[in-house]
Amino acid sequence: MKVKVKFFAILRERAGTAEFTKEIKQGSTVADLWAALQQDYPKLAVPGIRLLYAVNRDYVTPDRLLEDCDEVVFIPPVSGG
Amino acid sequence: MFRVTDKPIKLQELVDFVTDPEAGAIATFIGTTRNNNEGRRVIALDYEAYPEMAEKELVRLGEEAKQKWPICRMAIVHRIGPVQITEPSVIIAVSSGHRDAAFAACRFAIEEIKRTVPIWKKEMYEGGEIWIGTQSGQPLPRS
C-alpha cells in the first residue's frame, strides 16, 4: 500500500524534499515508516529533538497502524506565535 | 475566523469579526517580531505551517476556549513566510460579555498555539539561521 508523506521545516530541509508517496507493507505503523524513512534519508533525524506524529491531520501515537492513502506528517517541535 | 496567511495581518479585520452586540469586552493579542533572541541579533523570522492541520488545530483550540469561558467570538490569524522586525506574526481577538473571559481565552489561545499548532519559525540572525525549538542541534551556517 502507499501513503503520502509530507515534511516541514527542519525535516523538509534535511530530507531535501517536501512531499512524496511511499510504498509500505500492510500492518506498518507510524514508527515503522519513520524507521524506513531514516534509511531513505540518512540525514533526516535531528539529534535531541522530540517528534510528534500526525495522520490525516490529527495527532497520533507512533504505534498507530497505517492505512492505504493515509497522509503522514512528522512534526518537529512547533514554534508558532 | 481561524486561518494562516502569507499576507500582513490587519488587527481591525479581527476586531470587526469578533464585534458582537452581546460583548462588553474585546481582548486582543499581537505577537510581533523582536530584533533579538538569546543574545542573537535577529534580522527576520520565516514561518512555515502545515496549513490544513494548523487551521484545524486553531479551530479545535477555539472550541476548547468556548467550553472553558463564556466567550462570544474568537478570531486567530497566523502569518507564514518572511516576517520583518516589528511586524505581527500572529493576532488573536476574543469578545465576551465581561472582560475576564476575553483576557483568559486570549492568553489560552497563544499558549495553545505555541504548544500544539503545527507552525514553525526559522530565525534569521546575524551570522546564521536556526529553526526555533531544535536548538539541541547545531545552528545552521547560512549558505
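The structure this text deals with has already been given above.
Summarised in this report is the structure supplied together with it. Just so it is clear, the structure is predicted and the values come from calculations on it, not from any experiment. (Residues numbered from 1 in each chain as written. Chains lettered and ligands numbered in written order. Predicted model: local features only at pLDDT ≥ 70, side-chain atom pairs only at ≥ 80, totals over all residues.)

The next subject is the overall build of chain B. For chain B, the helix and strand inventory stands at 3 helices and 9 strands. Going residue by residue from the N terminus, the α and β elements of chain B occur as β-α-β-β-β-α-β-β-β-α-β-β. Since a compact globule built from 143 residues should have a radius of gyration of about 15 Å, the 16 Å found for chain B is in line with a globular shape. Overall size of chain B, expressed as C-alpha extent along the three principal axes, is 55 × 25 × 25 Å. Nonlocal contacts in chain B, meaning residues at least 24 apart in sequence, comprise 74% of its contacts between residues at least 6 apart. (Helix = DSSP H or I, 4+ residues; strand = E, 2+ residues; numbered from the N terminus. Rg over C-alpha atoms; globule rule 2.2 N^0.38 Å. Contact = placed C-beta atoms within 7 Å.)

This part covers the overall build of chain A. Of regular secondary structure, chain A possesses 2 helices and 5 strands. In chain A, the order of α-helices and β-strands from amino to carboxyl end is β-α-β-α-β-β-β. Radius of gyration (C-alpha) of chain A: 12 Å, near the 12 Å computed for a compact globule of 81 residues. Its C-alpha atoms give chain A principal-axis dimensions of about 35 × 25 × 20 Å. Burial status across chain A gives 27% buried among its 81 residues. (Buried ≥ 20, exposed ≤ 12 C-beta atoms within 10 Å, placed from the backbone.)

Time to look at the sheet that holds strand β1 (residues 2-5) of chain B. Residue and element names in this part refer to chain B. Taking strand neighbours across the sheet as the criterion, the 4 strands line up as β1-β5-β7-β2 in an open arrangement whose pairing is mixed. Whereas interior strands pair on both sides, the edge strands pair on one side only; in this sheet they are β1 and β2 (25-32). Recorded for the sheet is a direction-independent mean angle of 10 degrees between the axes of neighbouring strands. Two strands pair when backbone bridges link them, and β1 and strand β5 (residues 71-79) are joined in this way by 4 bridges, in the parallel orientation. Note on β5: the bridge partner recorded for valine 4 is histidine 78. Lying over the sheet, helix α3 (residues 99-116) contacts β2, β5 and β7 (88-96), oriented at roughly 150 degrees with respect to β7. (Pairing = 2+ DSSP bridges. Axes fitted to C-alpha atoms, helices over the stretch in contact; angles between N-to-C directions.)

Residues and elements named next belong to chain A. Even without a glycine there, the phi angle at asparagine 56 is positive, about 50 degrees. Along the chain, asparagine 56 falls in the loop between β3 (52-55) and β4 (58-60). The phi dihedral of arginine 57 falls on the positive side, at around 75 degrees, and the residue is not glycine. With respect to the helices, strands and loops of the structure, arginine 57 is situated in the loop between β3 and β4. Residue arginine 57 is classed as partly exposed on the basis of its 15 C-beta neighbours within 10 Å.

Turning our eyes to something else, we now look at the environment of Glu111(B). Assignment of secondary structure puts Glu111(B) in helix α3. For the pair Glu111(B) and His98(B), spaced 13 residues apart in sequence, the C-alpha separation works out to 21 Å.

A few words on the interface of chain B and chain A. Buried accessible area, meaning the area lost when the parts come together, often serves as the stated size of an interface. If you look at the interface, chain B gives 24 residues, while chain A gives 18 residues. At the level of secondary structure, the elements contributing two or more residues to the side of chain B that touches chain A comprise α2 (51-68), β7, α3 and β8 (119-125) of chain B. Top contributing element to the side of chain B that touches chain A by residue count: α3(B), with 4 residues. Residue composition of the side of chain B that touches chain A, grouped by class: 11 nonpolar, 8 polar and 5 charged. (Nonpolar A, V, L, I, M, F, W, Y, C, P; charged D, E, K, R; others polar.)

In this section: the nonpolar core. Formed by 58 residues in total, the largest nonpolar core has its most connected members in Val94(B) and Ala105(B). Those residues in contact with Ala105(B), other than ones at most four positions away along the chain, are Ala65(B), Trp69(B), Ile71(B), Met74(B) and Val94(B). (Core = buried A, V, L, I, M, F, W, Y, C linked by C-beta atoms within 7 Å.)

Moving on: the pairing of strand β9 (residues 128-131) of chain B. Residues and elements named next belong to chain B. For β8 and β9, the ladder comprises 4 bridges, and the chain directions are antiparallel. Paired with tyrosine 125 across the bridge in β9 is glycine 128. Taking the residues between adjacent antiparallel strands as the criterion, β8 and β9 are bridged by 2 residues, where glycine 127 takes a positive phi near 105 degrees.

Across a sheet, paired strands are connected by hydrogen bonds in the backbone, their directions being either parallel or antiparallel. All names here are of chain A. Read across the open sheet, the 5 strands follow the order β2-β1-β5-β3-β4; overall the sheet is mixed. A strand with exactly one partner marks an edge of an open sheet, and here the two such strands are β2 (19-23) and β4. Ignoring strand direction, the axes of neighbouring strands in this sheet form an average angle of 35 degrees.

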